[in-house]
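Observations on the three-dimensional arrangement
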Amino acid sequence: IVTIDHLPAEVSGRTSAGQTVPASSGGTSRQRERLSRDERLRRQRDELIRALAEAKGNKAEAARALGIPRSTLLSRMQKFGLG
């Protein structure tokens, strides 16, 4: 069963801390910006992990699958503490 906790913050209206942001206000622009940035980084990290797993750790193959240079993949891995 899918619950509201399974939905992304921009859909559920919840912050990463589980607090509800009123739909009418959508939160402050700073809250929306932070949530969208946090969400973007989380998705980028998840995409990176998924590509590395599918490539069985082969960084060049993972970079090709993501459509980015290997150097960018290595930079993102370092950014997210992935080795």
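Before reading on, note that the structure itself is shown above.
The following refers to the structure shown. (Residues numbered from 1 in each chain as written. Predicted model: local features only at pLDDT ≥ 70, side-chain atom pairs only at ≥ 80, totals over all residues. Heavy atoms only, no water.)

1. Here's the deal with the overall build of the protein
- A count of helices and strands for the protein gives 4 helices and 0 strands.
- Along the protein, from the amino end to the carboxyl end, the secondary structure elements read α-α-α-α.
- Classification of the 83 residues of the protein by burial places 20% in the buried group.
- When contacts within the protein are restricted to residue pairs at least 6 apart in sequence, long-range pairs at least 24 apart make up 34% of them. (Helix = DSSP H or I, 4+ residues; strand = E, 2+ residues; numbered from the N terminus. Buried < 20%, exposed > 50% of the residue type's maximum accessible area, 1.4 Å probe, protein only. Contact = heavy atoms within 4.5 Å.)

2. Quick look at the packing of helix 2 (residues 29-54) against helix 4 (residues 70-79)
- Where helix 2 contacts helix 4, the two axes come as close as 11 Å, and the packing angle between them is 115°. Classified by chirality, the crossing of helix 4 by helix 2 is left-handed. Between helix 2 and helix 4, the contacting residues are Leu-41, Gln-44, Leu-48 and Leu-52 on the first element and Leu-73, Arg-76, Met-77 and Lys-79 on the second. (Axes fitted to C-alpha atoms, helices over the stretch in contact; angles between N-to-C directions. Left-handed = near helix turned anticlockwise from the far one by under 90°.)

3. Remarks on the nonpolar core
- Counting 11 residues, the largest nonpolar core is built from Leu-41, Leu-48, Ala-51, Leu-52, Ala-55, Ala-62, Ala-63, Ile-68, Leu-73, Met-77 and Phe-80.
- Sort the elements by how many residues they give to this core and helix 2 lands first, with 4 residues.
- Residues within four places of Ala-55 in sequence aside, it is in contact with Glu-61 and Ala-62. (Core = buried A, V, L, I, M, F, W, Y, C linked by side-chain atoms within 4.5 Å.)

4. Considering the packing of helix 3 (residues 59-66) against helix 4
- Between helix 3 and helix 4, whose axes approach to 8 Å, the crossing angle comes to 100°. The orientation of helix 3 with respect to helix 4, classified from their angle, is roughly perpendicular. The segment helix 3 lies against helix 4, with Lys-59, Ala-60, Ala-62, Ala-63 and Leu-66 engaging Arg-70, Leu-73, Leu-74 and Met-77.
- Of the residues belonging to the contact of helix 3 with helix 4, the class tally is 7 nonpolar, no polar and 2 charged. (Parallel < 35°, antiparallel > 145°, perpendicular 65-115°, else oblique. Nonpolar A, V, L, I, M, F, W, Y, C, P; charged D, E, K, R; others polar.)

5. Some details on unusual backbone geometry
- One non-glycine residue, Lys-56, lies in the positive phi region at around 55°.
- Tracing the backbone through its elements, the reader meets Lys-56 in the loop between helix 2 and helix 3.

6. Focus: the pattern of salt bridges
- Taken as a whole and assessed by the stated rule, the structure comprises 3 salt bridges.
- Of the charged contacts, one joins Glu-39 and Arg-43 as a salt bridge, the two residues approaching to 2.8 Å between their closest N and O atoms. Of this pair, Glu-39 and Arg-43 are both found in helix 2, 4 residues apart, which corresponds to roughly one turn of the helix.
- For Glu-39, a relative accessible area of 10% puts it in the buried group. (Salt bridge = Lys/Arg side-chain N within 4 Å of Asp/Glu carboxyl O.)

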